[in-house]
Amino acid sequence: MTAEAAEAAGALQAHRPMLLGLAFRLLGSRDDAEDVLQEAYLRWLGVDRSTVDEPRRFLSRVVTRLALDRLRARQAARETYVGTWLPEAVPTEPSPFGPLDRAELRDTLSTALLHVLERLTPPERAVYVLRTAFDLPYAEIAEILDRTPADCRQLHHRAAARVRVEQRRFTATRLERERLLDAFLSAARDGNLATLTSLIAADATAWNDGGGRARAARNPITGAERVARFFVGIYGPRHRWTGRRMELNGEPAVLITRGDGSRYTLTVAAAGDRITEIYVVGNPTKLPPTG
């Protein structure tokens, strides 16, 4: 590596956790986020860095624009994905995305919120992430997206309004979600359908992402009784499996290994002492490494 390349790499490395977290929140994929950072490095290597006053600001702009290009391409190709698409399950103890010491930084990594962000337009998602997670002023966001501050303010207003509607379904604290997750898996293992149903909201939805690479329900499962019967059917007394508690995407989760060696992650969202959403990721390309 030349001295020039080493200098460029050092500047990027100084901001890498923040930039990786930005790309992941925009894309929901660690692999895609890493690809964006690699391309950003090549752009950074080719620029006259003596003219750049704030490397973080410059790199944030490059990463955001590259991520949005990738997001638009992915949305266009989403029709070919088998079943439900969920964000990648990334271990965050320690966090590769930098400190998660503010609720906004942690919440915007959660599977529940990333799943909601998939329903926004790419510009809405970018403004929401930049403003909510990183607290950037609208003037800087406007520069990143090549829009006016007023336009960015309106985009954030629309995105935040849509997110607020969905957030009513995941207001439970971390401790409440941990308790519900443990109780849910215990009741499923015992085959206790009545207890399991009592833990689930009447309008709950279970989302399963196998990506055509793992056994998974292709369509969302809705309703407390249907959800309970589904999970007793796959995790009940007739099935062998082990569960390991982890922190994934900044939230409590369980990594389940079935008797046949297949692995799944499970996280929940909750409100009012009931589970409102269940997210199961089985696509092996989205799971934490073994070991």
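Residues numbered from 1 in each chain as written. Predicted model: local features only at pLDDT ≥ 70, side-chain atom pairs only at ≥ 80, totals over all residues. Heavy atoms only, no water.

Caption draft 1: How the structure looks around the sheet that holds strand 2 (residues 221-222). Taken together, six strands build an open sheet; the order of strands is 2-1-6-5-4-3 and the sheet is mixed. For this open sheet the edge positions go to strand 2 and strand 3 (241-248), each flanked by a neighbour on one side alone. Relative to strand 4 (residues 251-258), helix 10 (residues 174-190) is tilted by about 20 degrees, and along the sheet it contacts strand 1 (200-209), strand 3, strand 4, strand 5 (263-271) and strand 6 (274-281). (Pairing = 2+ DSSP bridges. Helix = DSSP H or I, 4+ residues; strand = E, 2+ residues; numbered from the N terminus. Contact = heavy atoms within 4.5 Å. Axes fitted to C-alpha atoms, helices over the stretch in contact; angles between N-to-C directions.)

Caption draft 2: Expanded view of the nonpolar core. Ranked by internal contacts, the top residues of the largest apolar core, which has 61 residues, are V63, L117, I141 and L145. Among the elements that line this core, the one with the most residues is helix 4 (residues 55-77), at eight residues. Excluding residues that lie within four positions of it along the chain, I141 makes contacts with V127, L130, R131, L136 and C152. With 29 residues, the next largest nonpolar core counts L185, L196, Y264 and V268 among its residues. (Core = buried A, V, L, I, M, F, W, Y, C linked by side-chain atoms within 4.5 Å. Buried < 20%, exposed > 50% of the residue type's maximum accessible area, 1.4 Å probe, protein only.)

Caption draft 3: Region of the structure containing the pattern of salt bridges. Using the criterion set out here, one finds 28 salt bridges in the structure. R61 is paired through a salt bridge with E143; the nearest N and O atoms lie 2.9 Å apart. Separated by 82 residues along the polypeptide, R61 in helix 4 and E143 in helix 8 (residues 138-145) bring together distant segments of the chain. Taking relative accessible area as the criterion, R61 reaches 18% and is therefore assigned buried. Put simply, E251 and R177 hold a salt bridge, and the shortest N to O gap is 3.6 Å. Pair noted here: E251 is in strand 4 and R177 is in helix 10, with a separation of 74 residues, a long-range link. Take E251: its relative accessible area is 4%, and that puts it in the buried class. Given the relative accessible area of 17%, R177 is considered buried. What emerges from the salt-bridge pattern is a single network uniting R106, R174, E178, D182, R245 and E247. (Salt bridge = Lys/Arg side-chain N within 4 Å of Asp/Glu carboxyl O.)

Caption draft 4: Inspection of the packing of aromatic side chains at higher detail. The tally for this structure, following the rule as stated, stands at six aromatic pairs. It is R49 that lies over the ring of W44; its NZ or CZ is 5.8 Å from the centre. Taking NZ or CZ as reference, R131 lies 4.3 Å from the ring centre of Y138, over its face. (Phe/Tyr/Trp six-rings, centres within 6.5 Å; stacked < 30°, edge-to-face > 60°. Lys NZ or Arg CZ within 6 Å of the ring centre and 35° of its normal.)

Caption draft 5: Inspection of the pairing of strand 4 at higher detail. Along strand 4, seven of the eight residues are buried, which leaves the element largely enclosed by surrounding structure. The pairing of strand 3 with strand 4 spans eight bridges and is antiparallel. Among the inter-strand pairings, W241 is bridged to a residue of strand 4, identified as R258. Counting the residues between successive antiparallel strands, the hairpin from strand 3 to strand 4 contains two residues, one of them, N249, with a positive phi of roughly 55 degrees. Hairpin connection of strand 4 to strand 5: four residues between the antiparallel strands, including G261 at a positive phi of 90 degrees.

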